[in-house]
Amino acid sequence: MIKRLMNFLDASPVNFLAVKNIADELEKAGFRQVNPKEPLNTVNEGDKLYVTKNDSSIYAFHVGTKPLADAGFHMICAHCDSPTFRIKPNAEMTCEGGIVKLNTEVYGGPIMSTWFDRPLTIAGRVIVRGEDAMSPKTLLLHVKRPLLQISNLAIHFNRQVNDGVKLSKQKDMLPLLGMVTNEMERGNMLMNVICDELNINQEEILDFDLYLADTAPACTFGIHNEFVSSGRLDDLSMCYAGLEAMLASRESEATKVLAIFDNEETGSQTKQGAGSPFLASMLQRICMAQGGNAESFYQAIERAFMISADNAHAWHPNYGEKYDPTNHPMLGGGPVIKFNASQKYASDAVSAAVFAEICREANVPCQRFVNHSDVAGGSTLGNILASSLPLRGVDMGNAILAMHSCRETGSVADHEYCVKAFTKFFS
């Protein structure tokens, strides 16, 4: 099971590729892609549908044996974006000696120092000319070799580096791409890479959304191989656990929904984010395609339950003082229910009790996380989604170390526990 997760992580360096890989798995399992521009027509029990938005979010529906109005839906949601660096337009900067670096901007909130001195590559999407101006084509790009590196300044020029140094996003975090060897390369290095990889001409390229990614593959480590190390565990590990549960669970009365959003790391307020009305509109359209109406949709909402799956902070043995003294989840201790008195998480006593019982029935241990009261915490999908869909729901996730590092650390056992709990929920 952990090998499948690691393969998925390696093949999904950015949101666009994660969505493509999830869609491929859904297609193999008999799910049919629907075009939101077209009518849904009739939706029958047992139908398997999925839809994408912006190539960077995906929503799968396995229609239950009862209409949505009568049985509601069980939904797992997660996000497929992770902190990284986006390549700016006109990115090439040629320096002395012909060294070329790329101009980038930070996406989300990465631990920037963890990106230094690593072999990096680029991945994302390239937009090329289509049949007309309103219909450009999208090509996905993943350069599968080390291509760039963000190099540190030698300690001899920065004696305070181990005391903590404030990093400039514009100066310190620009990656090296290569060295100009002939004048034809000058100003064209990045475009040459794109054209070679996609076998297209530069004149066809209209624009791109390209990001940096670590090239080191996911791996397990520890004396018993009990830990998993990879980039983007937050939140691709939850995406994949939800996908595995969707495909492994049996048919149920309630409709099963897997919602993988984009842009959680930047606030979710996009057409493909959790703040968008897109998912609500698709659920309403399914209700109507079953012969229902607006009242049917409202009934379905009241009968639904949401698991907002986003990783939690594992207790760090070197920094125990940063954690709540009585509620700090451990690696290998099972899924973590997250609470916050200021309602940054969707969990309450009722929804937490529901999820804890699901874990018990699945024979899976369960933990609880609350922030240290002097440490401000983050927020996640649950309450953002609840602003458009007033669902009962719980915020949870597997515990990981070094969240938002270039490489994060999780537990092999926790992934297996989470898939079991999610499968029980969907069944």
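What counts, and at which threshold
Residues numbered from 1 in each chain as written. Predicted model: local features only at pLDDT ≥ 70, side-chain atom pairs only at ≥ 80, totals over all residues. Heavy atoms only, no water. Helix = DSSP H or I, 4+ residues; strand = E, 2+ residues; numbered from the N terminus. Rg over C-alpha atoms; globule rule 2.2 N^0.38 Å. Contact = heavy atoms within 4.5 Å. Areas by Shrake-Rupley, 256 points an atom, 1.4 Å probe, with all protein chains shown as cover. Axes fitted to C-alpha atoms, helices over the stretch in contact; angles between N-to-C directions. Parallel < 35°, antiparallel > 145°, perpendicular 65-115°, else oblique. Nonpolar A, V, L, I, M, F, W, Y, C, P; charged D, E, K, R; others polar. Core = buried A, V, L, I, M, F, W, Y, C linked by side-chain atoms within 4.5 Å. Buried < 20%, exposed > 50% of the residue type's maximum accessible area, 1.4 Å probe, protein only. Pairing = 2+ DSSP bridges. Expected span 1.5 Å × (residues − 1). Arc of directions from axis to C-beta. Polar contact = N/O pair within 3.5 Å; in protein donor to acceptor, adjacent residues only side chain to side chain.

### Describing the overall build of the protein chain
Then, number 1: Looking only at helices and strands, one finds 10 helices and 20 strands in the protein chain.
Then, number 2: Taken over C-alpha atoms, the radius of gyration comes to 22 Å for the protein chain, in line with the 22 Å a tight globule of 427 residues would show.
Then, number 3: C-alpha atoms of the protein chain, sized along the principal axes, occupy 70 × 60 × 35 Å.
Then, number 4: Intrachain contacts of the protein chain at a sequence separation of at least 6 include 76% that bridge at least 24 residues.
Then, number 5: Surface exposure of the protein chain reaches about 19,200 Å², of which carbon and sulfur atoms provide 49%.

### Here we look at the packing of helix α2 (residues 15-28) against helix α5 (residues 233-248)
Then, number 1: At a minimum axis separation of 11 Å, α2 and α5 run at an interaxial angle of 10°. As far as their axial angle goes, α5 and α2 are roughly parallel. Of α5, the residues touching α2 (which contributes Ala18, Ile22, Glu25 and Leu26) are Leu236, Cys239, Leu243 and Leu247.
Then, number 2: Its residues assigned to classes, the contact of α2 with α5 comprises 7 nonpolar, no polar and 1 charged.

### With respect to the nonpolar core
Then, number 1: Ranked by size, the top nonpolar core spans 51 residues in total, and within it Ile307 and Phe422 carry the most contacts.
Then, number 2: When residues in this core are grouped by element, the largest group, 9 residues, is from α5.
Then, number 3: Dropping the residues within four chain positions of it, Phe422 is found in contact with Ile76, Met238, Ala241, Gly242, Ala245, Ile307, Ala309, Phe355 and Met396.
Then, number 4: Membership of the second largest hydrophobic core comes to 35 residues, among which are Val51, Tyr59, Phe61 and Cys77.

### With respect to the sheet that holds strand β20 (residues 408-411)
Then, number 1: The strand order across the open sheet built from 3 strands is β11-β12-β20, with neighbouring strands paired in antiparallel fashion. Looking along the sheet, the strands with just one partner apiece sit at the ends: β11 (219-221) and β20. Within this sheet the neighbouring strands show an average axis-to-axis angle of 35°, counted without direction.
Then, number 2: Both β11 and strand β12 (residues 227-230) contribute to a ladder of 3 bridges, which runs antiparallel. When the bridges of β12 are listed, Thr220 appears paired with Val228.
Then, number 3: Against the sheet, α5 contacts β12 and β20, and its axis sits at roughly 35° relative to β20.
Then, number 4: The strands that helix α10 (residues 412-426) touches are β11, β12 and β20; relative to β20, the one it contacts most, it runs at about 60°.

### Section: helix α8 (residues 349-361)
Then, number 1: In a regular helix each residue adds 1.5 Å, so 13 residues correspond to 18 Å; α8 covers 18 Å between its end C-alpha atoms and thus fits that length.
Then, number 2: Among all positions in α8, only Ser351, Ala352, Phe355, Ala356, Ile358 and Cys359 are buried. The arc that holds every buried residue of α8, seen down its axis, measures 155°, which confines them to one face. Away from its buried face by more than 90 degrees, α8 exposes Ala349, Val350 and Arg360.

### Details of unusual backbone geometry
Then, number 1: Between Asp234 and the following residue, Asp235, the backbone shows a cis peptide bond with an omega angle of 15°.
Then, number 2: Unusually for a residue other than glycine, Asn41 sits at a positive phi of about 60°.
Then, number 3: With respect to the element layout, Asn41 can be found in the loop between β1 (32-33) and β2 (48-53).
Then, number 4: Overall, Asn41 belongs to the exposed group, its relative accessible area being 59%.
Then, number 5: With phi around 50°, Asn90 is a residue other than glycine that occupies positive phi space.

### Overview of the packing of α8 against α10
Then, number 1: It is at 9 Å that the axes of α8 and α10 come closest, and there the two elements cross at 105°. Between α8 and α10, the interaxial angle falls into the category roughly perpendicular. Counting all contacts with α8, which are made through Phe355, Ile358, Cys359 and Glu361, the residues of α10 involved are Ala421, Phe422, Lys424 and Phe425.

### With respect to the side chain of His79
Then, number 1: With respect to the secondary-structure elements, His79 resides in strand β4 (residues 73-79).
Then, number 2: With relative accessibility at 0%, the residue His79 sits in the buried group.
Then, number 3: Among the polar contacts listed, one links the side chain of His79 to the side chain of Asp81, at a separation of 2.9 Å.
Then, number 4: Within polar-contact distance, the side chain of His79 engages the side chain of Asp234 at 3.5 Å.
Then, number 5: Every residue in contact with His79, bar those within four places of it in the chain, is listed here: Asp234, Asp235, Leu236, Cys239, Ile260, Phe261, Glu264, Glu265, Asp310 and Leu381.

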